[in-house]
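Each chain, letter by letter, is given below.
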Amino acid sequence: MRDHSESPRAQVRSRLEHALAQAQTTEIATAIVQRMIELTGQDSEADRTEQARHELTPSLDRTARVANAESEIEQLATLLVEIAMRALAGGKNGKEVAEAAWEVFAPGKSDAPAATQQGAALLRAAVVECLHMPEVLDARVFLAIRSLPHPMPMLVLCEAIGTLATSGGIWATGVGLAHIRGIDRSKQALALLAPALGLAGFIAEKPAKAYFARRRSFRHLVAMMVLGVKPRVPSFPSGHAATSFASALALGAVWPKRRPVFVLLASIVSFSRVYPGLHGPDEILAGGALGAILGELVARLQVGRRISCIGEHVWSK
């Protein structure tokens, strides 16, 4: 009997750990992943998000139907799909379900029993074998990062960096302090940073994520969840990467000699999202490219406006 005093997070984690402990051979793991791919079909992230949000059955009972599956393979494959759908649906329960999956699969976080970790490892290997390009490239890059040591201090540092960089906060604070201290061209930097951050943040979080949610496969999201990426509402492209690279390029136009430092800082912010499994590499690359384009565009428009003003001043004389 399920303990109804348990949180959704604890319930899902317990169910997931038990199911993974049954996947102890390569053949079983491969069959689970293949069935998981069949269950995801051709649906997009947006399709499954809408389906989950309109599901009439209470969220805590939806995954219970896996217990009635005919086999262990069907049970785990169905459970993985259900967890991803519930994470996409959002809300308090969705966040807790996403946390449960992340605790089991993410590097440096799992304290699950050895059998559960073994089952998860076999599933990860099977995912890479069952995906196709370019998804498999994304998976391999992420697994390479996963293979790095993940001590708790590094995970805490990544969380701190992500918090500071949310909505470009670390960039705005830095330039604001530079302006207070009277550093040369800091006023110009503020004038560039504001539109760069605003554009990158808005486009990445609104139209870009809405557009790609309709085109990214739900299959890929479930597969990356098994590899250790935290499943959640549309995350392509990364807002952190977009705002960081937009800021780096905009500030690099003001202080050209420091551009490499700004780009390095943006790269550190971006890596801090992949390292613990908060984003996949493709989401970071897309966000970084979007941010770099917008940061460069804002800088060029500002330079063009300045030249135009100088021209008008000269002609007026």
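Here the structure is shown first, and the text comes after it.
A brief report on the enclosed structure follows.

1. A word on the overall build of the protein chain
Check the secondary structure of the protein chain and you find 15 helices and 0 strands. Burial statistics for the protein chain: of 317 residues in total, 48% are counted as buried. The long-range fraction of contacts in the protein chain, counting pairs at least 24 apart against all pairs at least 6 apart in sequence, stands at 81%. Just so you have it, the protein chain exposes about 15,500 Å², and 62% of that area is on carbon and sulfur atoms.

2. A short note on the nonpolar core
Core analysis: the largest hydrophobic core is formed by 52 residues, its most contacted members being Leu 16, Leu 76, Leu 80 and Leu 123. When residues of this core are traced back to their parent elements, those giving at least two are α1 (8-20), α2 (26-40), α5 (72-89), α6 (91-105), α7 (114-130), α8 (135-146), α9 (152-165) and α12 (218-227). The element best represented in this core is α5, accounting for 10 residues. Ranked by size, the runner-up nonpolar core spans 22 residues in total, among them Ala 189, Leu 192, Leu 193 and Leu 249.

3. A word on the layout of surface pockets
Its volume calculated, the largest pocket comes out at about 480 Å³. Of all the secondary structure elements, the ones that give two or more residues to the lining of the largest pocket are α6 and α9.

4. Some words on the packing of α9 against helix α14 (residues 259-274)
Their axes nearest at 9 Å, the elements α9 and α14 cross at an angle of 120°. It follows from the interaxial angle that α9 and α14 lie oblique. The handedness of the crossing between α9 and α14 comes out as left-handed. Seen from α9, the contacting residues are Cys 158, Ile 161, Gly 162 and Ala 165; seen from α14, they are Ile 268, Val 269, Ser 272 and Arg 273. Considered class by class, the residues forming the contact of α9 with α14 number 5 nonpolar, 2 polar and 1 charged.

5. Things to note about the packing of aromatic side chains
Counted by the stated rule, this structure contains 4 aromatic pairs. Ring geometry for Phe 212 and Phe 236: centres 4.8 Å apart, planes at 65°, overall edge-to-face. In this pair, Phe 212 sits in helix α11 (residues 186-213) while Phe 236 sits in the loop between α12 and α13 (239-254), placing the two residues 24 residues apart along the sequence. Residue classification places Phe 212 among the partly exposed positions, given a relative accessible area of 31%. The class for Phe 236 is buried, based on a relative accessible area of 12%. With centroids separated by 5.7 Å and ring planes inclined at 40°, the aromatic side chains of Phe 271 and Tyr 275 adopt a geometry described as tilted. What makes Tyr 275 buried here is its relative accessible area of 4%. The side chain of Arg 215 reaches across the aromatic face of Tyr 211, ending 3.8 Å from its centre. The positively charged end of Arg 258 is found above the aromatic ring belonging to Trp 255, 5.7 Å away from the centroid.

6. Some details on the packing of α7 against α8
Running from N to C, α7 and α8 cross one another at 150°; their axes reach a closest spacing of 9 Å. Comparing the axis directions of α7 and α8 gives the class roughly antiparallel. Crossing of α7 over α8 shows left-handed handedness. Contacts between α7 and α8 involve Arg 124, Val 128 and Glu 129 on the former and, on the latter, Val 136, Ala 139, Arg 140, Leu 143 and Arg 146.

7. A look at empty space enclosed by the protein
Within the structure shown, the criterion is met by 2 cavities of 30 Å³ or more. When its volume is computed, the largest cavity comes out at roughly 120 Å³. Considering the residues around the largest cavity, the lining is formed by 15 residues, among which Leu 221, Met 224, Val 229, Ser 235 and Glu 283 are closest to the centre. Going through the elements one at a time, α12 and α15 (281-316) are the ones with two or more residues in the lining of the largest cavity. At 3 residues, α12 tops the list of elements feeding residues into the lining of the largest cavity. Per-class residue counts for the lining of the largest cavity are 5 nonpolar, 3 polar and 7 charged.

8. Structural notes on the pattern of salt bridges
Counted by the stated rule, this structure contains 18 salt bridges. Here Asp 184 ties to Arg 185 by a salt bridge, and the two come within 3.6 Å at their closest N and O atoms. You can call Arg 185 partly exposed: its relative accessible area is 40%. Salt bridges here are not isolated pairs; linked through shared partners, they connect Arg 9, Arg 13, Glu 17, Glu 99, Glu 103 and Lys 230.

9. A closer look at the environment of Arg 48
Note on placement: Arg 48 falls in helix α3 (residues 45-53). Classification of Arg 48 as buried rests on a relative accessible area of 7%. A C-alpha to C-alpha distance of 9.2 Å links Arg 48 and Arg 86, two positions 38 residues apart in sequence. Those residues in contact with Arg 48 that sit more than four places away from it in its chain are Leu 39, Thr 40, Asp 43, Val 81, Met 85, Leu 88 and Phe 218. Polar side-chain contacts of Arg 48 include one of 2.6 Å to the side chain of Asp 43.

The rules we used
Residues numbered from 1 in each chain as written. Predicted model: local features only at pLDDT ≥ 70, side-chain atom pairs only at ≥ 80, totals over all residues. Heavy atoms only, no water. Helix = DSSP H or I, 4+ residues; strand = E, 2+ residues; numbered from the N terminus. Buried < 20%, exposed > 50% of the residue type's maximum accessible area, 1.4 Å probe, protein only. Contact = heavy atoms within 4.5 Å. Areas by Shrake-Rupley, 256 points an atom, 1.4 Å probe, with all protein chains shown as cover. Core = buried A, V, L, I, M, F, W, Y, C linked by side-chain atoms within 4.5 Å. 1 Å grid on protein atoms, 1.4 Å probe; cavity = no way out; pocket = protein on both sides within 12 Å on 5 of 7 lines; lining within 4 Å. Points joined across faces, edges and corners; volume = space filled by probe spheres on them. Axes fitted to C-alpha atoms, helices over the stretch in contact; angles between N-to-C directions. Parallel < 35°, antiparallel > 145°, perpendicular 65-115°, else oblique. Left-handed = near helix turned anticlockwise from the far one by under 90°. Nonpolar A, V, L, I, M, F, W, Y, C, P; charged D, E, K, R; others polar. Phe/Tyr/Trp six-rings, centres within 6.5 Å; stacked < 30°, edge-to-face > 60°. Lys NZ or Arg CZ within 6 Å of the ring centre and 35° of its normal. Salt bridge = Lys/Arg side-chain N within 4 Å of Asp/Glu carboxyl O. Polar contact = N/O pair within 3.5 Å; in protein donor to acceptor, adjacent residues only side chain to side chain.

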